[in-house]
Amino acid sequence: MIRNRWLTAALAMGAALGIAGTVGVLPAVGQSSPPSSPVILGTSAHIIANGAAVKPFAYVVCRPGDFAQLQISITEKSGHGIASGQGYVDSFNCTGQIEKLTVPVTAFGKPFVKGTAFGQATLYDCGPFNCGEATVTHKVTLKAPKKK
């Protein structure tokens, strides 16, 4: 019992020291700080081609000179079935600035309809020494096509 208390105390102390040690090296947060996530999926998308596809968008940011890929998938209940699909933007060059990318997503199964869907955006980012990915998911409102 006493051994467990000492182990718990030692782990807690180690965690506290680890957190305290990193606070001094954290970057300052200000207007020039990048977003907390390198990918932000838009909350709406327009239906195109009578539901054959939708056009969701995402804001992305990655280190200048890196190569990146963005994947967006959309899934929704459509009638008595499911409409789903994925779209990609392959190998774009990163600028270090926030960029808005629109990715057409083609329907599979049923056509997309107005309403609420589940969306997921994944940014794959590769630099000269490492690669990483970031994923965000949330609901996306599918809207009627824009009037011309």
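See the structure above.
What counts, and at which threshold
Residues numbered from 1 in each chain as written. Predicted model: local features only at pLDDT ≥ 70, side-chain atom pairs only at ≥ 80, totals over all residues. Heavy atoms only, no water. Pairing = 2+ DSSP bridges. Helix = DSSP H or I, 4+ residues; strand = E, 2+ residues; numbered from the N terminus. Phe/Tyr/Trp six-rings, centres within 6.5 Å; stacked < 30°, edge-to-face > 60°. Buried < 20%, exposed > 50% of the residue type's maximum accessible area, 1.4 Å probe, protein only. Lys NZ or Arg CZ within 6 Å of the ring centre and 35° of its normal. Axes fitted to C-alpha atoms, helices over the stretch in contact; angles between N-to-C directions. Core = buried A, V, L, I, M, F, W, Y, C linked by side-chain atoms within 4.5 Å. Contact = heavy atoms within 4.5 Å. Disulfide = S-S within 2.5 Å.

Colleague: In this structure, what is going on with the sheet that holds strand S5 (residues 67-78)? I would like to understand it.
Modeller: Paired through their backbone hydrogen bonds, the strands of a sheet run either parallel or antiparallel. Strand order in the open sheet formed by eight strands is S8-S3-S2-S11-S10-S5-S6-S9, with mixed pairing between adjacent strands. The open sheet is flanked by strand S8 (105-106) and strand S9 (108-109), the only strands paired with a single partner. Of the strand pairs in this sheet, strand S10 (residues 115-126) and strand S11 (residues 131-143) are connected by twelve bridges, and their pairing is antiparallel. Following the sheet pairing, glycine 119 is matched in S11 by histidine 138.

Colleague: In this structure, what is going on with the pairing of S5? I would like to understand it.
Modeller: Within a regular strand, side chains alternate between the sheet's two faces. Pairing geometry for S5 and strand S6 (residues 81-93), over eleven bridges, is antiparallel. Paired with threonine 75 across the two strands is serine 84, which belongs to S6. Hairpin connection between S5 and S6: a loop of two residues separates the two successive antiparallel strands, and glycine 79 in this loop has a positive phi of roughly 65 degrees. Bridging between S5 and S10 involves nine bridges; their strand directions are antiparallel. Bridge assignment links threonine 75 to a residue of S10, and that residue is phenylalanine 118.

Colleague: So what exactly am I meant to see when it comes to the packing of aromatic side chains here?
Modeller: The description of an aromatic ring pair uses the distance of the two centres, along with the angle that the planes make with each other. Applying the stated criterion to the full structure yields one aromatic pair. Look at phenylalanine 57 and tyrosine 59: their rings are 5.7 Å apart centre to centre, the planes differ by 80 degrees, and that puts the pair in the edge-to-face class. Residue classification places phenylalanine 57 among the buried residues on the basis of a relative accessible area of 17%. One cation-aromatic arrangement involves lysine 100 over phenylalanine 57; the distance from NZ or CZ to the ring centre is 4.4 Å.

Colleague: Which parts of the structure should I look at to understand the sheet that holds strand S4 (residues 57-60)?
Modeller: Taking strand neighbours across the sheet as the criterion, the three strands line up as S1-S4-S7 in an open arrangement whose pairing is antiparallel. Both edges of this open sheet fall to strand S1 (39-41) and strand S7 (99-102), since each of them pairs with a single strand only. The mean angle between the axes of side-by-side strands here comes to 25 degrees, regardless of whether they run parallel or antiparallel. Both S1 and S4 contribute to a ladder of three bridges, which runs antiparallel. Among the inter-strand pairings, isoleucine 40 is bridged to a residue of S4, identified as tyrosine 59.

Colleague: Explanation requested: the nonpolar core in the structure shown.
Modeller: Most often, soluble globular proteins keep nonpolar side chains buried together rather than apart. In this structure, Val39, Val54, Leu70, Ile72, Ile74, Phe92 and Leu142 are the most contacted members of the largest nonpolar core, which totals 26 residues. Of all the secondary-structure elements, those providing two or more residues to this core are S1, strand S2 (44-48), S4, S5, S6, S10 and S11. The element contributing the most residues to this core is S5, with four residues. Contacts of isoleucine 72, omitting those with residues within four sequence positions, involve Leu41, Pro56, Phe57, Ala58, Gly85, Gln86, Gly87, Val103, Val105, Gln120 and Ala121.

Colleague: For this particular structure, what's the right way to read the state of the cysteines?
Modeller: Put plainly, a disulfide is one covalent bond tying together the sulfur atoms of two cysteines. Inspection of the entire model under this criterion finds two disulfides. Covalently, cysteine 126 is tied to cysteine 131 through a disulfide, its sulfur atoms 2.0 Å apart. Here the S-S torsion is close to 115 degrees, and the disulfide linking cysteine 126 with cysteine 131 is therefore right-handed. On the accessibility criterion, cysteine 126 (32% relative accessible area) is partly exposed. Across the protein chain, the way the bonded cysteines pair up, counted in sequence order, is 1-2, 3-4.

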